Amino acid sequence: MANEKVDVVIVGAGASGSVYAAVLAQAGKKVVLLEQGPDWQMSDLISSDIWGRRVKTAGAPFLLEGKNPFGYSYQSGWGVGGAALHYFANFPRLLPNDFKIKSEHNRAHDWPISYDDVAPYYDQVAQDIGVSGDAKAEEPWRPAGKPYPMPPMKTFRHGEVWLKGFESVGIRTVPAAVGMNSTEFKGRPACIYDGWCHVGCPIGALANPNLTYLADAKKAGAVIRPLSTVTRVLTNAQGSKVTGVEYYDQKKERQVQEASVVVLAAWAAQNPRLLLNSATDKHAKGLANANGLVGKYMMAHFNSGTWAMFDEDVQNHMGTTGAQFMSYDRYSKTSQKGAFGSSFITAGSALKTSDLGGFANARLDLFGPDLAAFMKRGARGLTRFGTFGEALPDIQNRVELASDKDEFGMPLGKIIHSYDQDAIALWNANFEEGLTIAKATGAKEVWSGRGNMPTIHLMGGTIMGMGAENSVVNSYGQTHEIPNLYMAGPGIFATAGASNPTYTIFALSLRGAEQLAAKWSTVAG
């Protein structure tokens, strides 16, 4: 069944799709967003780890292979708002050195743009959705920019106890930049610091897309169709243009949505899956994949977490899931001896009982009465800080189509992921420094949160570059092969940096959407 043709169809109603929808709808374009999951309302968000799992992984599973299989469940989104419905909302930036690793170190790739190209969009996003922090304090590490619209968030004892340890090794910290309200902002209330951000904020103090760009898009006439699973991107007979998408609606009936432009703004692994499944006689390897790079150069962050137990009450249930303090003092690509890559430090995340970073996972060696006794102590005295590490792009880390299929007959995606020796060395070096920092805090007990090397923040798969010889898209997300097909989200990152990616996702999406609107007649034809 075919629907009325629109100007643009956007696949995915998360961080990147919401920006494209707002910009294009406000430019007068007829916009339809297709979202695989439900249309969540604020009243659906409940402060519970159990109930919060509803807004995370669902839909067809990805098969996971490699030495370090990508564990995506906690990082994923399910429904309108995507993962940004329930994210930590840490809003650090990539730094200038992230954009030129090849030029400066002969490693990985250079981005086709610089920090200066992205900086104005960081500043604009902060004003659009609300960011709390101290931009002036960040200037030792990055060029000056506009102040954030809100002052830093409050701090609590479980973050403050780390400052003495950081000072002992010469690490400077500043208030963390977060996409949360320290004061009332655009009619949304200030944070109440109950620490449940990671399952969605029911009062709206967290800048989730439903309250920001998606709200703007809907006001401008954009239409969101939830429970709509896209399976293919469609092309004309010549293979020179995309013409729309095939999808299955909430009744599981096949639909076609024709459009002048298609924007794939789904998860970083789902976008390559769609391109590969859209192969035709004119695009035998899949759309935008004549060079074979679709699904390649998948990247993940890893974290070296350090725990400390204090005798005092550190108020660890209070605050936000995002950090209280952050530091780029280990962001040089060679800051750790014998390792390569940036590290980004965060401290002061509120703790709950279970799930990622919870008390129950702080000591994986304890069971039964020993675990119960530990958790009773931890409810007052437990705290942690973490150091995110950068993994460089590796062409062997990839998404492929599997032989198994989902309920709509679409091949499942397979993510193959392994860390190289540089990443492992950086992970270990950050653990070692973490213990040095922890011991200087005066904590009663300190330990490294070692387990399997974690995989956090999936990026890559449709990377940007100067041309089709080494990339899938240009710096705006426009595919080299098909001018009216755009990619959005962390999949277009050329390298990963070490800082949380969502702020950069918003900024790059705003840059790409504004370019598309400005060049509409050339792109849409």
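Treat the numbers as computed from the prediction; the structure is a model and nothing was measured. Counting from 1, residues in each chain are numbered in the order their sequence is written. With the structure being a predicted model, the display of local features is reserved for residues of pLDDT at least 70 and the display and counting of side-chain atom pairs for 80 or more, all residues being used for whole-chain, interface and lining totals. For side-chain calculations, the full set of non-hydrogen atoms in the structure is used, while hydrogens and water are omitted.

**Q** So what's going on with the sheet that holds strand β13 (residues 398-405)? Which residues, and what values?
**A** Reading across from one edge, β3-β14-β13 is the order of the 3 strands in this open sheet, with mixed pairing throughout. Of all strands in the sheet, those with a lone pairing partner are β3 (63-65) and β13, marking the two edges. For this sheet, the mean angle separating the axes of adjacent strands, direction not counted, is 30 degrees. Where β3 lies against strand β14 (residues 411-416), 3 bridges are found, and the strand directions are parallel. Across the sheet, residue Leu 63 finds its bridge partner in β14, namely Lys 414. At least two DSSP bridges between two strands are needed for those strands to be called paired. Think of it this way: any DSSP run of H or I at least four residues long counts as a helix, any run of E at least two long counts as a strand, and we number them from the N terminus. Working convention: axes come from line fits to C-alpha atoms, limited for helices to the stretch in contact. Angles between N-to-C directions cover 0 to 180 degrees.

**Q** Before we move on, could you go through the packing of aromatic side chains and cite the residues and values that matter?
**A** Any pair of Phe, Tyr and Trp rings, taking the six-membered ring for Trp, is counted once the centres come within 6.5 Å. Such a pair is stacked with planes under 30 degrees apart, edge-to-face with planes over 60 apart, and tilted for the rest. Applying the stated criterion across every chain yields a total of 24 aromatic pairs. A centroid spacing of 5.5 Å and a plane angle of 55 degrees characterise the contact between Trp 141 and Tyr 328, whose relative ring orientation is tilted. Here Trp 141 is found in the loop between α4 (115-129) and α5 (157-160), whereas its partner Tyr 328 is found in the loop between β10 (325-327) and β11 (343-347), with 187 residues between them in sequence. Accessibility assignment for this pair places Trp 141 and Tyr 328 in one class, buried. Taken together through their ring pairs, the aromatic side chains of Tyr 87, Phe 91, Tyr 115, Tyr 122, Tyr 213, Tyr 503 and Phe 506 make up a single cluster. The ring of Trp 307 carries the charged tip of Arg 384 above its face, separated from the ring centre by 5.3 Å. A ring is considered to have a charge above it if a Lys NZ or an Arg CZ atom is located within 6 Å of its centre and within 35 degrees of its normal. Directly above the ring of Trp 427 sits Arg 450, whose terminal nitrogen or CZ lies 5.3 Å from the centroid. Exposure categories follow from relative accessible area, calculated using a 1.4 Å probe and restricted to protein chains: below 20% of the type maximum is buried, above 50% is exposed, and the middle band is partly exposed.

**Q** Before we move on, could you go through the side chain of Arg 363 and cite the residues and values that matter?
**A** In this fold, Arg 363 is placed in the loop between β11 and α9 (368-381). A distance of 3.4 Å separates the side chain of Arg 363 from the side chain of Glu 445, its partner in a polar contact. Excluding its chain neighbours within four sequence positions, the residues that come into contact with Arg 363 are Phe 374, Glu 445 and Trp 447. What qualifies as a polar contact is a pair of N or O atoms within 3.5 Å, subject to a donor-acceptor requirement within protein and to the restriction that residues adjacent in sequence count only when both atoms come from side chains. Contacts were defined at the residue level, with two residues in contact if any of their heavy atoms lie within 4.5 Å.

**Q** Got a sec to walk through α9? Specific residues and values, please.
**A** Given the number of residues in a helix, its expected span is that number minus one, multiplied by 1.5 Å. For α9, with 14 residues, the first-to-last C-alpha span of 20 Å sits near the 20 Å given by 1.5 Å per residue. Where α9 is concerned, the buried positions are Leu 371, Phe 374, Gly 378 and Gly 381. All buried residues of α9 project into a common sector of 100 degrees when viewed along the axis, lining one side. Among the exposed residues of α9, those oriented more than 90 degrees off its buried face are Pro 369 and Lys 376. In this structure, the buried side of α9 is in contact with β9 (296-309), β12 (382-389) and β15 (445-448). Along the arc lie the directions from the helix axis toward the C-beta atoms.

Spatial relationships are all this shows, so hold off on functional conclusions.
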